Number of protein chains: 2
Amino acid sequence: MNISEKIQALRILMQEAGWDAAVISGTDPHGSEYLPERWQQRKWISGFTGSYGTVVITRDHAGLWTDTRYFIQSRRELEGTEFELHPLRVPEAVDYPEWLAANLSPGAVVGIDGECVTYREAERMKKALQELNATLDSRPSFLNAIWNDRPGLPMNPVFILEEKYSGKSTQNKLERLRKQIKGQGCTHIILNSLDQIAWLFNIRCHDIPYNPVAVSYVLVDENDSTLFVTPGKVSENVRNVLREQGVDVMPYDSLPGVLRSLPEGTGIMADGNTLNYNAFHNLLAHCAVHDLQSPVLHDKAIKNPVETEGFRKAYLNDGLALERFFFWLEKSLEKDVILTETDVAKKLSWMRTLAEGAMGDSFQYISAYGPNASLPHYSPNPATALTLLKEGLYLIDSGGHYLYGTTDTTRTVPLGPLTQAEREDYTVALKGMIALSRAIFLKGTKGTHLDMLVRDPLWRHRRNYGHGTGHGTGHFLCVHEGPQDIRMTWRDQDILPGMVTSNEPGIYREGSHGVRHENVLLCHLLEENEFGTWLGFETLTLCHIETSPLLVSLMEPSEIEWLNEYNKSVYTKLAPMLTYDESIWLKMKTAPVTV
Amino acid sequence: MNISEKIQALRILMQEAGWDAAVISGTDPHGSEYLPERWQQRKWISGFTGSYGTVVITRDHAGLWTDTRYFIQSRRELEGTEFELHPLRVPEAVDYPEWLAANLSPGAVVGIDGECVTYREAERMKKALQELNATLDSRPSFLNAIWNDRPGLPMNPVFILEEKYSGKSTQNKLERLRKQIKGQGCTHIILNSLDQIAWLFNIRCHDIPYNPVAVSYVLVDENDSTLFVTPGKVSENVRNVLREQGVDVMPYDSLPGVLRSLPEGTGIMADGNTLNYNAFHNLLAHCAVHDLQSPVLHDKAIKNPVETEGFRKAYLNDGLALERFFFWLEKSLEKDVILTETDVAKKLSWMRTLAEGAMGDSFQYISAYGPNASLPHYSPNPATALTLLKEGLYLIDSGGHYLYGTTDTTRTVPLGPLTQAEREDYTVALKGMIALSRAIFLKGTKGTHLDMLVRDPLWRHRRNYGHGTGHGTGHFLCVHEGPQDIRMTWRDQDILPGMVTSNEPGIYREGSHGVRHENVLLCHLLEENEFGTWLGFETLTLCHIETSPLLVSLMEPSEIEWLNEYNKSVYTKLAPMLTYDESIWLKMKTAPVTV
C-alpha cells in the first residue's frame, strides 16, 4: 500500500469505529525513543522516518507534528502525500491536542492505541479535549486490521552483563529499590522503560536497533521481582543467573492478567511519563497508583566507579577508531578515491568493531557533507548520498556500544578550502562547546542554567541552534537517557556527580553547511566552600578537534588554551596505540594553535 | 508590650478562637512588599524588620521563616526572644505550610488574617494541610484585639501624574484593558496591587514609605471604572481629572458591599497571586472568578518612549547626586571628618532632593561599611551605625524617585587600603555585572537564562551570592516590580523590549566585607536574522565604577574595554553639569584602565 491507500484504509476503519480522529504516536508500550519495526506505526502510515513526531488523521486532514530538528527532512519525506507538516518548537506553534480541540466538533471521539501512548500524553489529550466534551477511545493495536505485514515481537536472546562491567549486582539494586518503594508508602513498582529494566537486572539484548535492551516489563514487590519477557528469549543459563539474584521470569503477555489480579487498593509506583495509558489507566484501575518518577531513572544516571572507568575505556577505543577513520578519510581523498556519505559511515562503523568488547553502533550515524549537514538529524541513504568533494565541511555524528560503555561523538572536519562563513560558524560553535566543558557550577544547578553558557558565545555572534545542548548517555545502554538534559526548556533536575551528558552545540545554514562539535562530559564534585558545593566536568571524548578551520581572532586566550590542552591529551593518550604514520599525522593535527 | 508579652496575648486569643496555630504574613490586603505601619504585623509580633518572612505561632513554638538575605539580620533581631529562625532557600528547607503539616495534630485549625494573605498563599497552606484534615480560619484584622496602638489607614493626598511624565492617558490604558478583559471572556476586573492602580489611573500618593502609591482598590467593567480610596485623600481637582478620564471615586470600605452585590456568575478577572484570600474567596464567592495574571502587570513593565526618556533623565540627575556625594565623601575623609553610615546616607538623600522633580528616596538606603556590607539588606540605624574608617570597602545601595522615573544604584568604593580578598571579590563581582550589561539574547529568553551569564564569572572563581540578580523597576513607582526578574529560580516570563531591570551581583563574606555592583538596564530590540529576534540592553545608570580596587589580571580584555567605555560615557554626560573641582576629580576616577 502507498501512503494514500493507507490513509484511505484507516479512514474506513475510523468510520467503522465511530472515530472522528485517530492519533498515531511515535512510541511503543515502553515509551521508547527507537522502536522495533512492529511499533513503527508513525513511519508506516506517513513515511516520515524521523525519531520524533505524532500523526493525526481526521476525515479531511492528515497531519504530522514534529520539531525544528526535522522540518527540512519531514518536508522532503512527506512531499507528494496528503500529509501536512505542523511545526513544533516555533513561536505560535499549535500542538496536536490543541489542534484537535480547535478542529473537531463537540462530542467528537479520538481514537488511540492506548498501549502506544504514555499515560501523561493521554492525560494531556484529555485535558485539551475537555471543553469540547470529546472523548478518547483506546483500542490497543488497532492498526493490525489494515497493516497486513506488520512485524511480530522481536525475538533476540537476553544476555547477562557481568558485574565486572555493571559494577553493581541486581540484588544490591533491588535492595535499594525496595527501600525507595517503601519510602513512598508503596508495596509494588511496575517498570516498562526498557533501559531501566536492563540496568536493574544487568541484562542486555538486541531487540531494538541501537538500543541494547529486551522488550519486557518488570514488577517488583517487597519479596519478589518478575521479568515479563517472551519465554524463548531467555536461556536456561540466563534464567538461573536471574534466579540467583532473586528474579523470576514470566511470559510477556501474562502481564495484564498479573496486574488485574493484584489485590484491590495495592499501593503501586508507576511513572506516568513512561507507562502506557492502557496499563496505567485500565490494568491498574483497581490499585492505588502513585504516579512518580521511577527511582531507577535517577540511580541509573549516576554512574558508579566501575561504569565511569568503563566509559573512559570506551572513549579510548572509540577515539582510536575515529582517528584511524579520519586518517583514512584524508588519505583516501588525497588519492581521489570516490566516497559517498554512506561509504564513509560504513567504514567508521567497521573500524569500531575492531575493539575488544565492541557491541555495534549506538545510533544511526549522521554522515553529512556540505548542505546535508544543515539537517541536524540527517541520515544518508545509498541512493541519495552525496559524494565527498575536496572542499567544504563534512560532519559525522556517530557512536558505539562496548560492554563497558556507550559513546557519542560529533566532529566537523574540513575536506578542503572553506568559506569565511564556514570558518566563522565552526569557530563560534566551538566556543560554545568549550564553555560547557570548563564550567564550574553549584550543586543545585539545572541543565537549563548550563545551557545558557553554551549559547552565550553563539548569541554574541547572533547565531543559534534549534535543538538541545546535551542529553544523558547510558552505560552500554541507550545513547539518549534521562533524567537530565541541557536545554533552554526548564527541567527541574540537578546535574549531579556521576552523570554522563553530551555537549553538542551547532550552527546550521540551510542549503549551505552545518557545524556541530560534540564531546561527552562526566560530572564530578570539585570541592565545598562557604558558598556551597562546586561541581565540574571531565571530558570523556578523545578525538582531536580540527584547528585549521579556526578564526583565531574570534577566540579568547583561555579558549585557545583549553583547545590546545584538549588536543594534547588526545595525542598523548591515543598515539601509543596508533601506527607510526597515524601518530605522525595526529601529532600534526593536534599541534597547538598560536594566537 | 515586649515580644514575649505579645506572643502570650496572641496565644490567649488563639485559645479563645480554638486555633492551634496562627500565621502572620508579611503583607497587606494589596500584596505589597513595603507596608504602611498598620499592616506591619510581622514586625509588631516578632521585632524582625526585614522585608520578607512569615511568622507562625503555635502553643509551644514561635517561628520566623525567611530567606538567605536575612539570616544574619534575623538572628540578630530575634536574639533573646522565643522566636526561632527557619531558613528558606537552603537545601532541605522546610517552608511553614509543610512545617505546620508536620507539627500539628489531625483536624487542627490554623488562623489567618484573610485580608493579609494572598489567595495563592492560602491555597498553598490548604494544600499542605489537606492530608492532616486541618482547616484555615480567616478572621480579618484579628490582631486588633491585642494591638492597642495599631495605626489607622494612611491619609495622604492623591495627586495626578501628568501625561508629559506618564506618556499615556488613563483613557487609553482603560481602552486597552477592556479589550484584554473581554479577550478572557470576562466583563470585570478587580485590581488590588497599588502600583498597578497608580499606573492605570496615572495617580501617585505617599501612603507607603518609598512607594508612591495610594491604598486603594479598582474595579473596571465594560463601561465604568471605580477607584476605591478613603474619600479625604482625593481633592475636588483630582476627582475632576479622574472623572474626565472616566474614573469614579468611591470610599475604600465600600468595596466589600460592591463586590457582594455583583450579579451572580459575573465573569471577573482577579489575580490570585496578589488579591487577598478574603476578597477572592469570600467576597467573590458568587462570581465566576478567572484567576489570571493582571494584564496591567505586563503593560506597566513595558515602558513607553516618554517613560524611557524620563528614566534617562532620572539617571542623569541621580548620577550627578551620586558623583557629588562620592566627591564629598572622599574629601571629607581626607579631612578626617567623623562620619557614620547613617550620616553619609542622609547626605546622599539630601543631595538627591536638589534635582528638578525629585520626589524622595525610592527605598531605605543600604549604607554599609566593612563587615556590615556582608548583610545584603542591611540598613543602618543611628545607634549602631559604624564610623567610616580610611580603609576597606563601603557599599551604598540607594535610589530616588523623580516625577519622570525611579532609580536604584549600588556602588562599592574603597575608603583606603584593601585586602587581597576584597580586591578579588570586587573584581569578580564586577565581571558578573559586565556580562549581563553586554548580553545579546534571543526573544523568548527568560530571566533564569540570563541569570547564569552573571553567575558564571563568579562561579569560575567559586564565589556566589544568595539573592537574585535583577528585578523590574517602576516608572516613578515601586523600585521592585514584576513580572520579570533575573534569578536562578524558574519564572516563565520573557525579558522584553521596554523592560527596565536591575543587574546587581554581589559577593558577601560574613564578618569581613561585602561587594555589590548594581546598574539598571533597559531592554532593546537589536535586529532580526535567520536565527530569530535579537535583544540587548542599554545601561541607564550613570555613575562611575571605581577602578582602583581592580585586579586587572582577573579581567578579560573585552571586560576592560566595556568598563573603560562605561566610565568614559559617565564622564562625558555628567562633567558639563559638575563644578570644576568635581569634574577634574571625575576625570581622574574615569581614567581608562590599562592592562
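Residues numbered from 1 in each chain as written. Chains lettered and ligands numbered in written order. Predicted model: local features only at pLDDT ≥ 70, side-chain atom pairs only at ≥ 80, totals over all residues. Heavy atoms only, no water.

Undergrad: So what exactly am I meant to see when it comes to the overall build of chain A here?
TA: Helices and strands together make up the secondary structure of chain A, namely 18 helices and 28 strands. Relative to a compact globule of 595 residues, whose C-alpha radius of gyration would be 25 Å, chain A shows 25 Å and is just as compact. In terms of principal-axis extent, the alpha carbons of chain A reach across some 70 × 55 × 50 Å. Relative to its 595 residues, chain A shows a buried fraction of 61%. Taking the intrachain contacts of chain A between residues at least 6 apart in sequence as the baseline, contacts between residues at least 24 apart amount to 69%. For chain A, the exposed surface amounts to about 22,700 Å²; the carbon and sulfur share of it is 51%. For chain A, the centre of its 57 positive side-chain charges and the centre of its 75 negative side-chain charges are spaced 2 Å apart. (Helix = DSSP H or I, 4+ residues; strand = E, 2+ residues; numbered from the N terminus. Rg over C-alpha atoms; globule rule 2.2 N^0.38 Å. Buried < 20%, exposed > 50% of the residue type's maximum accessible area, 1.4 Å probe, protein only. Contact = heavy atoms within 4.5 Å. Areas by Shrake-Rupley, 256 points an atom, 1.4 Å probe, with all protein chains shown as cover. Lys, Arg positive; Asp, Glu negative; His and termini not counted. Charge placed at Lys NZ, Arg CZ, Asp CG, Glu CD.)

Undergrad: I tried to follow the pattern of salt bridges on my own but got confused; where do I start?
TA: Oppositely charged side chains may form a pair once their charged atoms are brought near each other. Scanning the model with the defined rule gives 74 salt bridges over all chains in all. When the shortest N-O distance is used, the salt bridge between E481 of chain A and K300 of chain A registers 2.9 Å. Linking E481 of chain A in strand β23 (residues 481-486) with K300 of chain A in helix α12 (residues 295-301), this pair joins segments that are 181 residues apart in sequence. For E481 of chain A, a relative accessible area of 6% puts it in the buried group. According to the relative accessible area criterion, K300 of chain A is buried, its value standing at 2%. A salt bridge links R139 of chain B to D137 of chain B; its shortest N-O distance comes to 3.2 Å. According to the relative accessible area criterion, R139 of chain B is partly exposed, its value standing at 37%. By relative accessible area, D137 of chain B is classed as partly exposed at 22%. (Salt bridge = Lys/Arg side-chain N within 4 Å of Asp/Glu carboxyl O.)

Undergrad: I tried to follow the pairing of strand β26 (residues 513-516) of chain B on my own but got confused; where do I start?
TA: Every other side chain in a regular strand lies on the same face of the sheet, so the side chains alternate between the two faces. Burial along β26 of chain B is two-sided: H513 and V515 of chain B and G514 and R516 of chain B, pointing in opposite directions, are all buried. Hairpin connection from strand β25 (residues 506-509) of chain B to β26 of chain B: three residues lie between these consecutive antiparallel strands, with G511 of chain B at a positive phi of about 80 degrees. (Pairing = 2+ DSSP bridges.)

Undergrad: What should I look at first to understand the relation of the copies chain B and chain A in this one?
TA: The operation relating the pair of chain copies consists of a rotation about an axis and a translation along that axis. Structural alignment of chain B on chain A gives an RMSD of 0.1 Å, achieved by rotating through 179 degrees and translating 0.0 Å along the axis. Taken together, the rotation and translation describe the operation of a two-fold axis. In terms of C-alpha distance to the rotation axis, chain B has H449 of chain B as its closest residue, with the C-alpha 3.0 Å off the axis. Of all interface residues in chain B, 100% are interface residues in chain A too; the two copies therefore contact each other through one and the same surface. (Least-squares fit on C-alpha atoms with pLDDT ≥ 70 in both.)

Undergrad: So what exactly am I meant to see when it comes to the side chain of N503 of chain A here?
TA: All names here are of chain A. With respect to the helices and strands, the residue N503 is situated in strand β24 (residues 500-503). Among the polar contacts made by the side chain of N503, one reaches the side chain of S437 at a distance of 3.3 Å. Excluding residues within four positions of it along the chain, N503 makes contact with M433, L436, S437, V454, T469, H517, E518, N519 and L521. (Polar contact = N/O pair within 3.5 Å; in protein donor to acceptor, adjacent residues only side chain to side chain.)

Undergrad: Which parts of the structure should I look at to understand unusual backbone geometry?
TA: Peptide bonds are trans in most cases, and residues, glycine excluded, mostly fall at negative phi. All names here are of chain A. Residue G482 is joined to P483 through a cis peptide bond whose omega torsion reads 5 degrees. Tracing the chain through its elements places P483 in strand β23. Located in the positive-phi region is R89, a residue other than glycine, with phi close to 55 degrees. By the element assignment, R89 lies in the loop between β4 (84-88) and α4 (96-103). R89 sits in the partly exposed class, given a relative accessible area of 46%. For R462, which is not glycine, the phi dihedral falls at a positive 55 degrees.

Undergrad: Would you mind going over the sheet that holds strand β17 (residues 393-398) of chain B with me for this structure?
TA: As a general point, the strands of a sheet are linked pairwise by backbone hydrogen bonds and lie either parallel or antiparallel. Residues and elements named next belong to chain B. Taken in spatial order, the three strands line up as β16-β17-β20 in an open sheet, and their pairing is antiparallel. What marks the edges here is a single partner per strand, and that holds for β16 (366-369) and β20 (409-414). Each neighbouring strand pair of the sheet contributes to a mean axis angle of 10 degrees, computed without reference to strand direction. Bridge analysis of β17 against β20 gives six bridges, and the strand direction is antiparallel. Bridge pairing in β20 places L395 opposite T412. (Axes fitted to C-alpha atoms, helices over the stretch in contact; angles between N-to-C directions.)

Undergrad: Could you clarify how one ought to interpret the side chain of T58 of chain A in this entry?
TA: Topologically, T58 of chain A is positioned in strand β2 (residues 54-58). Setting aside its immediate chain neighbours within four residues, T58 of chain A contacts R11, M14, D20, A21, W99 and L104 of chain A.

Undergrad: Looking at this structure, how should I read the packing of helix α16 (residues 447-460) of chain A against helix α16 (residues 447-460) of chain B?
TA: Axes are the key here: two packed helices are described by the angle between their axes and the distance separating the axes. At a closest axis distance of 8 Å, the pairing of α16 of chain A and α16 of chain B adopts a crossing angle of 70 degrees. Classed by the angle they form, the pair α16 of chain A and α16 of chain B counts as roughly perpendicular. For the pair α16 of chain A and α16 of chain B, contact is made by T448, H449, L450, M452, L453 and D456 of chain A and by T448, H449, L450, M452, L453 and D456 of chain B, respectively. Of the residues that constitute the contact of α16 of chain A with α16 of chain B, the class distribution is six nonpolar, four polar and two charged. (Parallel < 35°, antiparallel > 145°, perpendicular 65-115°, else oblique. Nonpolar A, V, L, I, M, F, W, Y, C, P; charged D, E, K, R; others polar.)

Undergrad: I'm lost on the environment of I72 of chain A in this one. Help?
TA: Checked against the element boundaries, I72 of chain A lands in helix α3 (residues 71-78). In contact with I72 of chain A, not counting residues within four places along its chain, are S374, L375 and E510 of chain A.

Undergrad: Would you take a moment to explain the sheet that holds β2 of chain A for this structure?
TA: Residue and element names in this part refer to chain A. If you trace the six strands from one edge of the open sheet to the other, you get β4-β3-β2-β1-β5-β6, paired in mixed fashion. The outermost strands of the open sheet, each flanked by one partner alone, are β4 and β6 (135-138). If you compare each strand with its neighbour and ignore which way they point, the axes differ by 25 degrees on average. Looking at chain direction, strand β5 (residues 109-112) and β6 are connected through four bridges and run parallel.

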